[in-house]
Amino acid sequence: MSLRRVTPSPGRQTIADLSWASLRVPRCTLTARLAIPRALAARAALPSPRPPWTVLFTKAFALAAEAQPALRRLHATLPTPRLLEAPHATGCVVLERMHEGQAILAIARFTDPHSTPIPRLAALLRQAKEAPPSESRHLHRLLRFARLPWPLRRLMLRFALATGAPLARYGGTFAISSLGAQQAAIVDSVSVLPSFLSYGPIAADGGVDLFLSFDHRVMDGADGAAALRGLQAAMEGPVAAELEALTPPG
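Everything numeric in this text was worked out from a predicted model, so none of it was measured. Every chain begins its residue count from 1, and numbering advances along the sequence as written. Only residues with pLDDT of at least 70 are given local features in this predicted model, and only at 80 or more are side-chain atom pairs given and counted; all residues enter the totals for whole chains, interfaces and linings. To get the side-chain values, all heavy atoms of the structure are used, and hydrogens and water are removed first.

Caption draft 1: The overall build of the protein chain, seen in detail. On a plain count of helices and strands, the protein chain comes out with 8 helices and 8 strands. Using C-alpha atoms as the atom set, the radius of gyration is obtained and then compared with a globule rule of 2.2 Å times the number of residues to the power 0.38. Here the protein chain has a C-alpha radius of gyration of 18 Å; the compact-globule value for 250 residues is 18 Å, and the two agree. Seen through its principal axes, the protein chain has C-alpha atoms that stretch 60 × 45 × 40 Å. If you take every contact in the protein chain between residues at least 6 apart in sequence, the share linking residues at least 24 apart comes to 65%. When charges are counted, neither His nor the chain ends are considered; positive counts come from Lys and Arg and negative counts from Asp and Glu. For this purpose, a charge sits on NZ of Lys, CZ of Arg, CG of Asp or CD of Glu. Averaging the coordinates of the 28 positive side-chain charges in the protein chain and doing the same for the 17 negative ones gives two points 8 Å apart. Numbering of helices and strands runs from the N terminus, with a helix taken as a DSSP run of H or I at least four residues long and a strand as a DSSP run of E at least two residues long. In this description, contact between two residues means that some pair of their heavy atoms is separated by no more than 4.5 Å.

Caption draft 2: The arrangement of the pattern of salt bridges in detail. Criterion for a salt bridge: a side-chain nitrogen of Lys or Arg within 4 Å of a carboxyl oxygen of Asp or Glu. Across all of its chains, the model carries 8 salt bridges by this definition. Put simply, arginine 154 and aspartate 17 hold a salt bridge, and the shortest N to O gap is 2.9 Å. With arginine 154 in helix 6 (residues 150–163) and aspartate 17 in helix 1 (residues 10–22), this residue pair connects regions lying 137 residues apart in the sequence. For arginine 217, the salt bridge is made with aspartate 215, and the minimal N-O distance between the two is 2.8 Å. Among the residues examined, arginine 217 registers a relative accessible area of 33% and is labelled partly exposed. Connected through salt bridges with shared partners, the residues Asp17, Arg153 and Arg154 form a single ionic network. When accessible area is computed with a 1.4 Å probe and restricted to protein chains, residues below 20% of their type maximum are described as buried, those above 50% as exposed, and intermediate ones as partly exposed.

Caption draft 3: Geometry of the side chain of aspartate 17. Note on aspartate 17: relative accessible area 1%, which makes it buried. One polar contact links aspartate 17 to arginine 154, side chain to side chain, over a distance of 2.9 Å. Polar contact is the term for a pair of N or O atoms within 3.5 Å; when the atoms are in protein, one must be able to donate a hydrogen and the other to accept it, and sequence-neighboring residues count only if both atoms are side-chain atoms.

Caption draft 4: Representation of the packing of helix 2 (residues 37–44) against helix 8 (residues 221–246). Every angle, taken between N-to-C directions, lies between 0 and 180 degrees, and every axis is a line fitted to C-alpha atoms, over only the stretch in contact when it is a helix. Interaxial distance between helix 2 and helix 8 falls to 8 Å at its minimum, and their mutual angle equals 15°. With respect to each other, helix 2 and helix 8 are oriented roughly parallel. Here the hand of the crossing between helix 2 and helix 8 comes out left-handed. Across the interface between the two elements, Pro37, Arg38, Ala39, Ala42 and Arg43 from helix 2 touch Met235, Glu236, Gly237, Ala240, Ala241, Leu243 and Glu244 from helix 8. The cut-offs work like this: below 35 degrees is roughly parallel, past 145 is roughly antiparallel, 65 to 115 is roughly perpendicular, and the gaps in between are oblique. Two helices that cross are described as forming a left-handed crossing if the nearer one is turned anticlockwise from the farther one by less than a right angle, and a right-handed crossing if clockwise.

Caption draft 5: Main features of the sheet that holds strand 8 (residues 207–215). Note on pairing: two strands pair once DSSP finds at least 2 bridges between them. Strand order in this open sheet of 6 strands is 1-8-7-6-4-5, and the pairing throughout is mixed. The sheet is open, and its two edges are formed by strand 1 (27–35) and strand 5 (102–111), each paired on a single side. Each adjacent strand pair in this sheet contributes to an overall mean axis angle of 25°, direction not counted. Relative to strand 6 (residues 174–176), strand 4 (residues 90–99) is paired through 3 bridges, and the arrangement is parallel. Bridged to valine 93 within strand 6 is isoleucine 176. Of the strands in this sheet, strand 1, strand 7 (195–199) and strand 8 touch helix 8, which is tilted by about 30° from strand 1.

Caption draft 6: Main features of helix 4 (residues 118–130). To estimate how far a helix should extend, the number of its residues minus one is multiplied by 1.5 Å. Over its 13 residues, helix 4 extends 18 Å from the first C-alpha to the last, a length consistent with the 18 Å expected when each residue adds 1.5 Å. For helix 4, the complete set of buried residues consists of Ile118, Leu121, Ala122, Leu125 and Ala128. The buried residues of helix 4 occupy one face: seen down the axis, they fall within an arc of 120°. Its buried side turned inward, helix 4 meets helix 3 (53–67), strand 4, strand 5 and helix 8. Arc definition: directions from the helix axis to the C-beta atoms.

Caption draft 7: Inspection of a nonpolar patch on the surface at higher detail. Judged by side-chain polarity, Leu152, Leu155 and Met156 come together as a nonpolar surface patch covering roughly 270 Å² of accessible area. Tracing the sequence through the fold places leucine 155 in helix 6. Patch definition: residues with relative accessible area over 30% and no salt bridge; like charges joined within 9 Å; nonpolar side chains (Val, Leu, Ile, Met, Phe, Trp, Tyr) joined within 5 Å. Exposure was quantified through the Shrake-Rupley algorithm and a 1.4 Å probe, taking into account, for residues, occlusion by the shown protein chains and nothing else.

Caption draft 8: Focus on the nonpolar core. The criterion is simple. A nonpolar core is a set of buried Ala, Val, Leu, Ile, Met, Phe, Trp, Tyr and Cys residues joined through side-chain atoms within 4.5 Å. Counting residues in each nonpolar core, the largest one holds 47 residues, and the members touching the most others are Trp53, Phe57, Leu197, Leu210, Leu231 and Met235. If one sorts the elements of this core by residue count, helix 3 sits on top with 9 residues. Excluding residues that lie within four positions of it along the chain, leucine 197 makes contacts with Phe57, Phe61, Ala175, Ile176, Ser177, Leu210, Phe211, Leu212 and Leu231. With 13 residues, the next largest nonpolar core counts Ala21, Leu167, Ala175 and Leu193 among its residues.

Caption draft 9: Layout of the pairing of strand 7. Of all 5 residues in strand 7, 5 are buried; the element is thus mostly enclosed. Going residue by residue along strand 7, you find Ser195, Leu197 and Tyr199 tucked away on one face and Phe196 and Ser198 tucked away on the opposite face as well. The pairing of strand 7 with strand 8 spans 5 bridges and is antiparallel. Each residue of the ladder has a partner; that of serine 198, found in strand 8, is phenylalanine 211.

Right under this line is the structure:
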């Protein structure tokens, strides 16, 4: 059998690096079935294009983190083991976009999503998916990082994990990725951020399976369970209310 050599795309190289780095993060994964019928109905009442579910879950998780400091913390080991706490949650949405004819994984980074209006979050996500590299700071940074020699990339990731601050500055305090629109669910992650959220398809009754993977050095299972309850409360409360306020009259 003859094998053809294929050069990894920048996106594949980045995932390989993150997979390597994520092995140094002790993770625990929780799953729960949430009921969000009010948010489902409020979103369905909006005209197209409706806000993506990823945006809604990002805002809901950030709102839950306002009341739960553990969701805003990162672990660092240098100069001594400690936890770093951010004043507000910063979300990092993993997305797929095209670059030079290839599909690559990129990110959309949201600072203060808890206080950012849903339409603004949706516009930022759309820009991250469609803007050319010259106009997308995060994509440009990812491509520049992927072109560095791999020993240097690994060294930079180890430094980021050890100090914590670069993770918050260039990534965030939590990440979200989902294949729910493709009738699939991500049940494990290679994220280096302290929390990684994924969800499956949204059922007609508003039921949805959520998967929360978190750094066990940062919080315990009880914190993760509380995070899922807080996320549902935020989705059915302030997020649904904001969607209802966006509904055109009549």
